[in-house]
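# Understanding the architecture of this molecule
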Amino acid sequence: MNPILSFLLRSFVAVPVTVLTWLITYFPLDQTFWPATGIAITAGILIHFILAIVMNTSFLKKHQISRKEYRYIRKNLMEAKRKINRLNKNLFTIRDISSVKQRLDLLRITKKIHKMTTKEPKRFYQAEQFYFSHLDSIVELTEKYSFLSSQPKKNMEMGQSLIETRHTLNELTKVLEEDLYKVISDDIDTLNFEIDVAKHTLNKQKDAKFPEENRWLK
């Protein structure tokens, strides 16, 4: 779950509990202001903490991963986020108009993979090549590209390097597309299975509705 959304949901419950606890402690239980306030704040923090554990446990159970796995995945996702931010900065400092579409495709695919694996951590294992190899290559190449393209004067060697770098980035875009396909491959298999089941069901219904017609057609 999104950390900000999770915090807001916990606060949505904890704040009313804090207020209600203060009212009960201050009036019916006849506590003075500061003790009542201390008890209320403690109750709110406790509720916030319990909800965090419950929500986290539910999230891990839903995605069928352990806490240890999630810590490992989350660490790598946070590191990847920093790399994607560097990539974003690099891509938008490149002045080459002819490569705009290529750069946008690169950024779109990397963000898509990261977003999907953040939302569903178990997909991380299908995108390990992206996180441990391809993303690093793209960041390094775009930094090189950005540096060379920002030079006011370019000789023949620099021009050739830019062409080669652009070509390599184009190849890496195709590799990223394959990475994205791996991440969603299970969804594609599931969809194909559901389509086959639906077709089979429709054919059975058709056979049951028009038995004589289907017998002659066969």
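Residues numbered from 1 in each chain as written. Predicted model: local features only at pLDDT ≥ 70, side-chain atom pairs only at ≥ 80, totals over all residues. Heavy atoms only, no water.

Counting residues in hydrophobic clusters, the biggest one holds 29 residues, and the most contacted among them are Ile-113, Phe-130 and Tyr-131. Those elements giving two or more residues to this core turn out to be helix H3 (67-91), helix H4 (100-119), helix H5 (128-149) and helix H6 (156-209). The biggest single contributor to this core is H5, with eight residues. Beyond its immediate chain neighbours, meaning those up to four positions away, Phe-130 contacts Thr-110, Ile-113, Leu-135, Leu-176 and Asp-179. (Core = buried A, V, L, I, M, F, W, Y, C linked by side-chain atoms within 4.5 Å. Buried < 20%, exposed > 50% of the residue type's maximum accessible area, 1.4 Å probe, protein only. Helix = DSSP H or I, 4+ residues; strand = E, 2+ residues; numbered from the N terminus. Contact = heavy atoms within 4.5 Å.)

Before going further, it helps to spend a moment on the confidence of the model for the chain. Summary statistics for the chain give a mean pLDDT of 83 and a share of 83% for residues scoring 70 or more. The least confident element of the chain is helix H7 (residues 211-217), whose mean pLDDT is 52; the most confident is H3, at 93. (pLDDT = per-residue confidence, 0-100.)

Evaluated as defined, the whole model comprises seven salt bridges. Residues Lys-83 and Asp-136 are paired through a salt bridge, measuring 2.6 Å at the closest nitrogen-oxygen approach. Remark: Asp-136 occurs in helix H5 and Lys-83 occurs in helix H3; sequence separation between them is 53 residues. The class for Lys-83 is buried, based on a relative accessible area of 13%. The partner of Arg-123 in a salt bridge is Glu-120, and the shortest N-O contact between them spans 3.3 Å. Classification of Glu-120 as partly exposed rests on a relative accessible area of 30%. Through salt bridges that share partners, Glu-79, Lys-83 and Asp-136 make up one connected network. (Salt bridge = Lys/Arg side-chain N within 4 Å of Asp/Glu carboxyl O.)

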